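So the chains spell out like this:
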Amino acid sequence: MIVTVKYFGAVADATQKKEEALYLDSKLHSIEDIRLQLETQYPDLKGIAYVIAVNQSVVASGLVTIKENDELALLPPFAGG
């Protein structure tokens, strides 16, 4: 299946991409599966704190099943005031 992955901030710097279409093996469905695949493909991600949003909602690991055409975003920690 194919999903769109968008990268922001330090995550975009680590991947050298802002967005890509990512092919997922049909047996990969959880957030942790995707995190592992991306950190294998982009080893610099292992040293960066980030959260994953699915279809514009930040999700906790393992609580969401990824489906065809979902949009994922890797977001660095937010700071502000």
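Residues numbered from 1 in each chain as written. Predicted model: local features only at pLDDT ≥ 70, side-chain atom pairs only at ≥ 80, totals over all residues. Heavy atoms only, no water.

The subject of this paragraph is the packing of aromatic side chains. Throughout the structure, instances matching the rule amount to 1 aromatic pair. Residues Tyr7 and Tyr42 carry aromatic rings whose centres are separated by 6.1 Å and whose planes lie at 75 degrees to one another, so their mutual orientation is edge-to-face. Remark: Tyr42 occurs in the loop between helix H2 (31-41) and strand E3 (51-54) and Tyr7 occurs in strand E1 (residues 2-7); sequence separation between them is 35 residues. Taken as a pair, Tyr7 and Tyr42 share a single burial class, namely buried. (Phe/Tyr/Trp six-rings, centres within 6.5 Å; stacked < 30°, edge-to-face > 60°. Helix = DSSP H or I, 4+ residues; strand = E, 2+ residues; numbered from the N terminus. Buried < 20%, exposed > 50% of the residue type's maximum accessible area, 1.4 Å probe, protein only.)

Let us now look at the nonpolar core. In terms of nonpolar packing, the biggest core is built from 21 residues, with Val5, Tyr7, Leu38, Leu45, Ile66, Leu72 and Leu74 touching the most fellow members. Elements represented by at least two residues in this core include exactly E1, helix H1 (9-15), H2, E3 and strand E5 (71-75). In contact with Ile66, not counting residues within four places along its chain, are Met1, Val3, Leu24, His29, Ser30, Ile31, Ile34, Val54 and Leu72. (Core = buried A, V, L, I, M, F, W, Y, C linked by side-chain atoms within 4.5 Å. Contact = heavy atoms within 4.5 Å.)

Even without being a glycine, Gln16 presents a positive backbone phi close to 60 degrees. Tracing the sequence through the fold places Gln16 in the loop between H1 and strand E2 (19-23).

Before going further, it helps to spend a moment on the sheet that holds E3. Strands in a sheet are paired, the pairing made by backbone hydrogen bonds, and the direction either parallel or antiparallel. The 5 strands lie next to each other as E2-E1-E5-E3-E4, forming an open sheet whose pairing is mixed. Of all strands in the sheet, those bounded by a partner on one side alone are E2 and strand E4 (57-58). Both E3 and E4 contribute to a ladder of 2 bridges, which runs antiparallel. Directly across from Val54, in E4, lies its bridge partner Ser57. (Pairing = 2+ DSSP bridges.)

Interpretation note: all reported values are geometric properties and have no functional meaning in isolation.
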